[in-house]
Amino acid sequence: MTDALLPNGIKDAGGDSSYFRKGCNPFAQTGRSKLQNKRASLNQQIIKQMRMRAGAENLLKATSNNKVKEMVLLELSYVNSNLQLLMGQLEGLNSSVEVYQNAHETANIPLIALGLKETKDMDFSTPFKDFILEHYSEDGSNFEDEISDLMDLRQACRTPSRNEAGVELLAKYFSHLPLIESRFFSPTRQTGIFFTWYDSFTGVPVCQQNLSLEKASILFNMGALYSQIGTRCDRQTIVGLEEAISAFQKAAGTLNHLKETFTHTPSYDMSPAMLSMLIRMMLAQAQECLFEKTALPGIRNQFYSLLKMAQEAAKVSEIYDQVHQSMIQTPIKDNVPLLWSTMAQIKTNHYRSMAHFFVASALLDHQLGPSDDEDQQEKTLSQVYDRIPDGRSPLDILKKKDERDRIGKAHIRKAILGHEEALRIYSLCHNNQMDVLEEILKASHQRSLHKYSENENEDEFTDYMEAPDIISKTEHKAEMEVPATTKGPLAVFSAKQRWTAPRTIRLRPEDRDLGFTLKGETPVQVVSLDPLCPAAADGLKEGDYIVAVGDTDCKWMGVSEVMRLLKDVNEEGIDIQVVSMMESNPPMPTKSATFCGNLPKTYSMICLAHDDDDNNPKARKVTKKPSFLSWGLKNKLKSVSTLSLPTADHSGALPWNKPCPTFPSSSSYNNDSALY
């Protein structure tokens, strides 16, 4: 489904003003449309039951007749049971992950997408025309076409297409809201317009007369739409994975912008605690896609590559464990679908087991040879463990085959136990929509069992040594990406941020290399800083924003404009001014009440905010990267054997359809070439 452009009555089709975007056909018989229509129907049934409950509670307070009280209590129990059933059905809709997956996706673990918030139809015509007449002393009927276009735009936002055009549609309406607020919503006069939005998890309606709820709900739907775009991408291609990574990072950035901008929204799905959990989940899925992107070309069956992938898998597991821990906190656990927390728990065990499998393969299948770099292997292995059991040293493990095999088998046993735990958790989830996930879990389990049987010696005594934990580490960390519609100098240089005073840095190019690269739109940011370059020695830091080059103000300039100012720097150099963002700790909101307009208050809850930052920063190896003034040289990797991740592919093209799938297998290669 794509957006359509329809004329709004003006015959000139040359300008953008002649057209307004239209959303998807709400009656289209697609899985997503059916799901959203069912969500709207459930919301209407929920509000009907809530009104009946409110009336029964009022009657119960007003009457003193015992028979009437008995009848009212019976009616209340019936209404409450209906509400529980309806909310259970709404949870089932939120658990329908298969609807949002790529139509041809049969080989990757499913990802979770957010459903769009539903709203009621709005009629701005009469209130706006009355306000124009009373406040501006003009005939409101002269603006009927413009008001009609605005109403059409809002209606289209209820059914945005699942692509960038749909996001642009929501962003266009969102950009109109501040203008509408300044022109029609006076602080001294009520317009009589009530904005009603339904909680995406509970279906509870929330009603307000100001535009804060409208703005926050549109932002939430932008984040939800980005998550749906991410799940729809083809993760069997590098391009598809890059699109998925960008979409999930933008979803996290949009939700974080919502969390920081609208801190007291009455709807629980937009409370700080819930948004913090959703941001974590989006970043976890982006990190999972980054791992899949690294593994897609094939994992080299080589000691260093296997240990690197082990730490990457451990990082994915660690982030999903944080997601699961936030999901089981009160009151989030009462509203998050059970399937979501189950999938987070399954992925925690699955990727942790995968990490242990990679370490086991590195130790069992690769021995320290005369031509190997002993010091480098010792250093690499020592960085994998936070502790080594029984006082062993990494060099002892590498040199002594018995020790190497013993620890390798301990890792493969831990991998098997982790896969069995993931399968056990999956069996407890009464959902038949994730057959692909079950097949991948079983394939991974069989792979670990086969590796264990390959290295099992019947003459050995049973060894119950515990495998040490693996330190998580990644070269590509998923980070929040703020969409262009919500960023810029006004978003970066705002009262919500704290900054250092501008610092002057002297740039002196070495062989036309300034020692860093730039990213961002406006303002530009310093990234990939070489710690040995003169600018770094002069005080330039990674993540600094450039605010001036020489005497030119750069706050409103993009990368290309700043590059033009820097490319002609002579040997004497040039002064630039930079600022650094400081840590900000906003006060945590203590209470968020969820209510519905003129209906009685339904419930209130404490919303605990969660710190999104990682409290355990890991040391990173800093490598020099090419600057934006030196392009073109790429290192060519030598051709080596590769490995691949287990999938649920049924085409026969992948080796998992073969009997006894192995990685690596002595029958399939003579040196180190194999696929698993």
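Each chain has its residues counted from 1, running along the sequence as written. Given that the model is predicted, a residue must reach a pLDDT of at least 70 before its local features are reported, and side-chain atom pairs must reach 80 or more before they are shown or counted; all residues, however, enter totals for whole chains, interfaces and linings. For side-chain calculations, the full set of non-hydrogen atoms in the structure is used, while hydrogens and water are omitted.

Enquirer: Go over the overall build of the protein chain, please, and point to the residues and values.
Expert: Under the DSSP-based scheme used, a helix requires at least four consecutive residues in state H or I and a strand at least two consecutive residues in state E, with every element numbered from the N terminus. A tally of helices and strands in the protein chain yields 17 helices and 16 strands. We call a residue buried when its accessible area falls under 20% of the maximum for its residue type, exposed when it is over 50%, and partly exposed in between, using a 1.4 Å probe and counting protein chains only. Every one of the 676 residues in the protein chain was classed for burial, and the buried ones make up 49%. We call two residues contacting when some pair of their heavy atoms lies within 4.5 Å. Expressed as a percentage of contacts within the protein chain between residues at least 6 apart in sequence, the contacts between residues at least 24 apart total 75%.

Enquirer: Requested: an account of the side chain of E214, with residues and values cited.
Expert: Within the element layout of this structure, E214 appears in helix α6 (residues 212-232). In this structure E214 comes out as buried when scored by relative accessible area, which is 0%.

Enquirer: I'd like a description of the nonpolar core, backed by residues and values.
Expert: Inside soluble globular proteins, nonpolar side chains tend to come together where they are buried. For the purposes of this section, nonpolar cores are sets of buried Ala, Val, Leu, Ile, Met, Phe, Trp, Tyr and Cys residues that join through side-chain atoms within 4.5 Å. Core analysis: the largest hydrophobic core is formed by 123 residues, its most contacted members being L278 and F358. Among the nonpolar cores identified, the runner-up in size contains 21 residues, and F516, V524, A535 and V578 belong to it.

Enquirer: An account of unusual backbone geometry is needed here, citing residue identities and associated values.
Expert: In the segment running from T330 into P331, the intervening peptide bond is cis, with an omega of 5°. Here P331 lies in the loop between α9 (303-327) and α10 (338-365). Positive phi is not limited to glycine here, since S528 has a value of about 50°. Mapped onto the fold, S528 is located in the loop between β9 (525-527) and α16 (534-537).

Enquirer: Can you break down the environment of F128 residue by residue, with the values?
Expert: Within the fold, F128 resides in helix α3 (residues 125-135). Taking the relative accessible area as the measure of exposure, F128 reaches 2% and is therefore buried. Along the backbone, F128 and I193 are 65 residues apart, and their C-alpha atoms lie at a distance of 9.5 Å. Once you skip the residues sitting within four places of it in the chain, F128 turns out to touch I147, L150, I180, F184, F185 and I193.

Enquirer: Before we move on, could you go through the pattern of salt bridges and cite the residues and values that matter?
Expert: Here, a salt bridge means any Lys or Arg side-chain nitrogen found within 4 Å of an Asp or Glu carboxyl oxygen. According to the stated counting rule, one finds 22 salt bridges in the structure shown. Between D269 and K117 there is a salt bridge whose closest N-O contact spans 2.9 Å. Taken together, the positions of D269 in the loop between α7 (238-261) and α8 (272-295) and K117 in the loop between α2 (66-94) and α3 put the pair 152 residues apart, joining distant regions of the chain. Judged by its relative accessible area of 0%, D269 is buried. For K117, a relative accessible area of 3% puts it in the buried group. Linking D553 and K555 is a salt bridge whose minimum nitrogen-to-oxygen distance equals 3.4 Å. A relative accessible area of 44% means that D553 is categorised as partly exposed. On the accessibility criterion, K555 (31% relative accessible area) is partly exposed. Sharing partners across several salt bridges, the network here consists of E118, D121 and R158.

Enquirer: Which residues make up the packing of aromatic side chains, and what values go with them?
Expert: When two rings of Phe, Tyr or Trp (its six-membered ring) have centres within 6.5 Å they constitute a pair, described as stacked for plane angles under 30 degrees, edge-to-face for angles over 60, and tilted for the intermediate range. A full pass over the atoms with the stated rule returns 9 aromatic pairs. A centroid spacing of 5.1 Å and a plane angle of 10° characterise the contact between F124 and F128, whose relative ring orientation is stacked. Taken individually, F124 and F128 each receive the classification buried, so the pair is uniform in this respect. In textbook terms, an aromatic cluster arises when at least three aromatic residues are bridged by ring pairs, as seen for F124, F128, F131, F184, F185 and F195. Only when the NZ of Lys or the CZ of Arg is both within 6 Å of the ring centre and within 35 degrees of the ring normal is a charge said to sit over the ring. In this structure, K117 is placed above the aromatic ring of F220, and the distance from its NZ or CZ to the ring centre is 5.7 Å. For R447, the ring lying beneath its charged end belongs to F357, and the centroid distance is 4.0 Å.

Enquirer: So what about the packing of α10 against helix α13 (residues 401-428)? Which residues, and what values?
Expert: Axis separation between α10 and α13 bottoms out at 8 Å; the angle between their running directions is 160°. Of the possible angle classes, the one that applies to α10 and α13 is roughly antiparallel. Our pair here, α10 against α13, has a crossing hand that is left-handed. Each residue gets one label: Ala, Val, Leu, Ile, Met, Phe, Trp, Tyr, Cys and Pro are nonpolar, Asp, Glu, Lys and Arg are charged, and the others, such as Gly, are polar. Looking at the contact of α10 with α13, its residues break down into 14 nonpolar, 10 polar and 5 charged. Every angle, taken between N-to-C directions, lies between 0 and 180 degrees, and every axis is a line fitted to C-alpha atoms, over only the stretch in contact when it is a helix. Roughly parallel refers to an angle under 35 degrees, roughly antiparallel to one over 145, roughly perpendicular to one between 65 and 115, and oblique to any angle outside these ranges. Should the near helix be turned counterclockwise from the far one by less than a right angle, the crossing is left-handed, whereas a clockwise turn marks it as right-handed.

Enquirer: Could you give an account of the environment of P646, with specific residues and numbers?
Expert: With respect to the helices, strands and loops of the structure, P646 is situated in the segment after β16 (642-643). You can call P646 buried: its relative accessible area is 7%. In the structure, P646 is positioned 201 residues away from H445 in sequence and 9.8 Å away in space, judged by C-alpha atoms.

Enquirer: Please set out the side chain of T63 residue by residue, giving values where relevant.
Expert: Tracing the backbone shows T63 in the loop between α1 (31-62) and α2. For T63, a relative accessible area of 17% translates into the label buried. Throughout this description, a polar contact denotes any pair of N or O atoms lying within 3.5 Å of each other; where both atoms belong to protein, one of them has to be capable of donating a hydrogen while the other can accept it, and for residues adjacent in sequence the pair is counted only when both atoms sit in side chains. For T63, the side chain forms a polar contact with the main-chain nitrogen of N65, separated by 3.1 Å.

Enquirer: I'd like a rundown of the packing of α3 against helix α5 (residues 164-184), residues and numbers included.
Expert: Pairs of packed helices are described in terms of their axes, by the angle between the two and the distance that separates them. In the contact formed by α3 and α5, the axes pass within 11 Å of each other and the chain directions differ by 50°. Taken together, α3 and α5 sit at an angle that is classed as oblique. Contact residues: F128, F131 and I132 in α3; I180, R183 and F184 in α5. In the contact of α3 with α5, the residues fall into 5 nonpolar, no polar and 1 charged.

Enquirer: With reference to specific residues and values, describe α8.
Expert: Two residues of an α-helix separated by three or four positions point the same way, owing to the 3.6 residues in each turn. What a helix should span is 1.5 Å times the count of its residues minus one. Across its 24 residues, α8 extends 35 Å between first and last C-alpha, which sits within 8% of the 34 Å expected from 1.5 Å per residue. With 22 of its 24 residues buried, α8 lies for the most part within the structure.

Enquirer: Let's hear about the confidence of the model for the protein chain: which residues, and what values?
Expert: A residue's pLDDT is the predictor's confidence in that residue, given on a scale from 0 to 100. Predicted confidence across the protein chain gives a mean pLDDT of 77, with 74% of residues reaching 70 or more. pLDDT under 50 marks residues 1-20. Its contacts with residues more than four places away, or in other chains, come to 42 contacts.

Enquirer: Quick one: what's the story with the pairing of strand β12 (residues 574-579), residue by residue and with numbers?
Expert: Only strands that DSSP links by at least two bridges are regarded as paired with each other. Pairing of strand β7 (residues 503-507) with β12, which is carried by 5 bridges, proceeds in the antiparallel orientation. Within β12, the residue paired with L507 across the bridge is I574. Across 4 bridges, strand β10 (residues 545-549) lies against β12 in antiparallel orientation. Residue pairing across strands places I546 opposite V578, the latter belonging to β12.

Enquirer: Account for the pairing of strand β4 (residues 205-208), naming residues and giving values.
Expert: Residues P205 and C207 of β4 are buried on one face, and the alternating residues V206 and Q208, pointing to the opposite face, are buried as well. In this structure, strand β3 (residues 195-198) lies alongside β4, joined through 4 bridges in antiparallel fashion. Paired with Y198 across the bridge in β4 is P205.

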